[in-house]
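# Notes for the structure review
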Amino acid sequence: MKVLVIGGGAREHALCRSLSLDPDVTALYCAPGNAGIAEVAELHPVDALDGDAVARLATDLGAELVVVGPEAPLVAGVADAVRAAGIPCFGPSGEAAQLEGSKAFAKDVMAGAGVPTARSYVCTTPAEIDAALDAFGAPYVVKDDGLAAGKGVVVTDDVEAARTHALACDRVVIEEFLDGPEVSLFAITDGTTVLPLQPAQDFKRALDNDEGPNTGGMGAYSPLPWTDPKLVDEVMQSVLQPTVDELRRRGTPFSGLLYAGLAITSRGVRVIEFNARFGDPETQVVLARLKTPLAGVLLASADGTLDELPALRWRDEAAVTVVIASHNYPGTPRTGDPIHGLDDVAAQDAPHAYVLHAGTRRDGDEIVSAGGRVLSVTATGKDLAGARERAYTAVARIRLDGSQFRTDIAQKAAEA
């Protein structure tokens, strides 16, 4: 099978790495990719938001499966254009991707499906915003209705900060605060059958002890030893399958990766948000634990044959990923700084630890930073403590001027 992956972040590097290890994959392409992905896939330039350009590239390459990584191309309808060209595509239609593209649409789907979530108001005027903030009180949860690269949510006790964020959005969802720890659960679906993956937990705040501003994610781990063993079954029955069934009922079937961001509250599981693609950085740890070859699973989603697949197989190992971010992230990041130590990790820590590239590019003989989140250092071990130790040993070998990373990824879970 010839596979083309669309995107250029650490999520796509994780996907490409898994696909490169799949014996059924005879050729692997990525567009536009990054400096790390270039080691496992052939890179091609493309405007990832231009569906016709992506479909032309896939046709020219003879791709037999296209995997769309990021949310913006999905919301823009890139998967529709690829399918219209007669090529199987892993990823939802532009209409179904509104599950991530619009928080208000997602709330409407959840209401129709009877999925447990936070009470909320959709606001478009200052008066509506003030009424909603007053109705729920602190802590205030304010979400930009549209795509915001994981940084459109503000949770604060400061009503003025909440109001300022709300007023900066064209349309905003204001909702009740959900207590309890958060869990990410991915599921692969073909629009009818739903295949859950293993849960993970990510760390959204920039600094240790969950302090600092929200980011796209500073690290993740899997499995979650503190969760109820029946959690996946419960979420399948109360969230994932009803959502897929509701979207099919509406005439907008969802195939691809359905990502449920969950809060384990004192009143039970509640959905915080849906995403329409693999999450970053959770993908890095979930795929590190997946034993089943990936390409066949993604193709089965694309061609509607998930019900024919055997059960997924998982490694017993734990996985931890630590994000190395550039100076000033999540503000305006500094880029162009040389990255040193990547060869040292490959020489001394492989195969148990490896580096997935996010914001990188090649500049002559050097690899330099090219974004906010630069690298995802990922490691496996017999337990979380072992995986953490390997991940941070590898992190210590990497030198990037002004960079930052959290030191407490998976620490509490490993010590429990």
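Everything below is about the structure shown above.
Our subject in this report is the structure included herewith.

Rules behind the numbers
- Residues numbered from 1 in each chain as written.
- Predicted model: local features only at pLDDT ≥ 70, side-chain atom pairs only at ≥ 80, totals over all residues.
- Heavy atoms only, no water.
- Helix = DSSP H or I, 4+ residues; strand = E, 2+ residues; numbered from the N terminus.
- Rg over C-alpha atoms; globule rule 2.2 N^0.38 Å.
- Buried < 20%, exposed > 50% of the residue type's maximum accessible area, 1.4 Å probe, protein only.
- Contact = heavy atoms within 4.5 Å.
- Lys, Arg positive; Asp, Glu negative; His and termini not counted.
- Charge placed at Lys NZ, Arg CZ, Asp CG, Glu CD.
- Pairing = 2+ DSSP bridges.
- Axes fitted to C-alpha atoms, helices over the stretch in contact; angles between N-to-C directions.
- Parallel < 35°, antiparallel > 145°, perpendicular 65-115°, else oblique.
- Polar contact = N/O pair within 3.5 Å; in protein donor to acceptor, adjacent residues only side chain to side chain.
- Phe/Tyr/Trp six-rings, centres within 6.5 Å; stacked < 30°, edge-to-face > 60°.
- Core = buried A, V, L, I, M, F, W, Y, C linked by side-chain atoms within 4.5 Å.

### Topic: the overall build of the protein
Within the protein one finds 14 helices and 24 strands. Taking 2.2 N^0.38 as the reference for a compact globule, 416 residues should give roughly 22 Å; the C-alpha atoms of the protein span a radius of gyration of 20 Å, in line with that estimate. Referenced to the eigenvectors of the C-alpha coordinate spread, the extents of the protein come out at roughly 55 × 45 × 40 Å. Burial analysis of the protein (416 residues in total) assigns 57% to the buried set. Restricting to contacts in the protein with at least 6 residues of sequence separation, those with at least 24 account for 69%. Each charge class in the protein can be summarised by its mean position, and for the 36 positive and 58 negative side chains these summaries are 3 Å apart.

### Side note on the sheet that holds strand 8 (residues 153-156)
In space, the four strands of this open sheet follow the order 6-9-7-8, with antiparallel pairing throughout. Strands at the two margins of the open sheet, each flanked by one partner only, are strand 6 (120-123) and strand 8. For this sheet, the mean angle separating the axes of adjacent strands, direction not counted, is 20 degrees. Pairing of strand 6 with strand 9 (residues 172-175), which is carried by four bridges, proceeds in the antiparallel orientation. Of the residues in strand 9, the one forming a bridge with V122 is V173. The strands touched by helix 7 (residues 126-136) within the sheet are strand 6, strand 7 (140-144) and strand 9, with strand 6 carrying the most contacts at an inclination of about 165 degrees.

### Focus on the packing of helix 6 (residues 103-113) against helix 9 (residues 231-249)
As a packed pair, helix 6 and helix 9 sit with axes 9 Å apart at the nearest point and diverge in direction by 100 degrees. The pairing of helix 6 with helix 9 is recorded here as roughly perpendicular in orientation. Along the contact surface, helix 6 presents F105, V109, G112 and A113, while helix 9 presents P242, T243, E246 and L247.

### Looking at the sheet that holds strand 5 (residues 89-90)
Paired through their backbone hydrogen bonds, the strands of a sheet run either parallel or antiparallel. On the basis of which strands lie adjacent, the open sheet formed by five strands has the order 3-2-1-4-5 and parallel pairing. Both outer strands of the open sheet, strand 3 (42-43) and strand 5, are each paired with one neighbouring strand and no more. In this structure, strand 1 (residues 2-7) lies alongside strand 2 (residues 27-32), joined through six bridges in parallel fashion. From the neighbouring strand, K2 faces strand 2, where its bridge partner is A27. Its contacts with the sheet put helix 1 (residues 10-20) on strand 1, strand 2 and strand 4 (65-68), and the angle it makes with strand 1 is roughly 170 degrees. In this fold helix 11 (residues 294-303) packs onto strand 4 and strand 5, with an angle of close to 90 degrees to the strand it touches most, strand 4.

### A few points about unusual backbone geometry
Along the chain, A138 connects to P139 via a cis peptide bond; the corresponding omega equals -10 degrees. The residue P139 is located in the loop between helix 7 and strand 7 in this model. Cis rather than trans, the peptide bond between S222 and P223 has omega equal to 5 degrees. Along the chain, P223 turns up in the loop between strand 15 (219-222) and helix 9. Positioned with a positive phi, N209 is a non-glycine residue whose angle comes to about 60 degrees. One can find N209 in the loop between strand 13 (205-207) and strand 14 (211-214).

### Quick notes on the side chain of E100
With respect to the element layout, E100 can be found in helix 5 (residues 98-101). Polar contacts involving the side chain of E100 include one to the side chain of R277, which spans 2.7 Å. Contacts of E100, omitting those with residues within four sequence positions, involve E71, L147, F274, N275, A276 and R277.

### Considerations on the packing of aromatic side chains
All chains considered together, the criterion is met by six aromatic pairs. Ring geometry for Y121 versus F136: centroids 5.4 Å apart, planes at 45 degrees, classification tilted. On the criterion of sequence distance, the pair formed by Y121 in strand 6 and F136 in helix 7 is long-range, its members being 15 residues apart. Assessed through its relative accessible area of 41%, Y121 is described here as partly exposed. Relative to F405, the ring of Y392 has its centre 6.3 Å away and its plane inclined at 45 degrees; by these criteria the two rings are tilted. Taken together, the positions of Y392 in helix 13 (residues 384-395) and F405 in the loop between strand 24 (399-400) and helix 14 (411-415) put the pair 13 residues apart, joining distant regions of the chain.

### Quick look at the nonpolar core
Formed by 78 residues in total, the largest nonpolar core has its most connected members in L4, V66, L240, V320 and I398. For this core, the element with the highest residue contribution is helix 9, accounting for eight residues. When near neighbours in sequence (up to four residues on either side) are disregarded, L240 contacts L185, A187, V194, V235, L258 and A260. Residues I37, L195, L197 and F278 belong to the second largest nonpolar core, which totals 42 residues.

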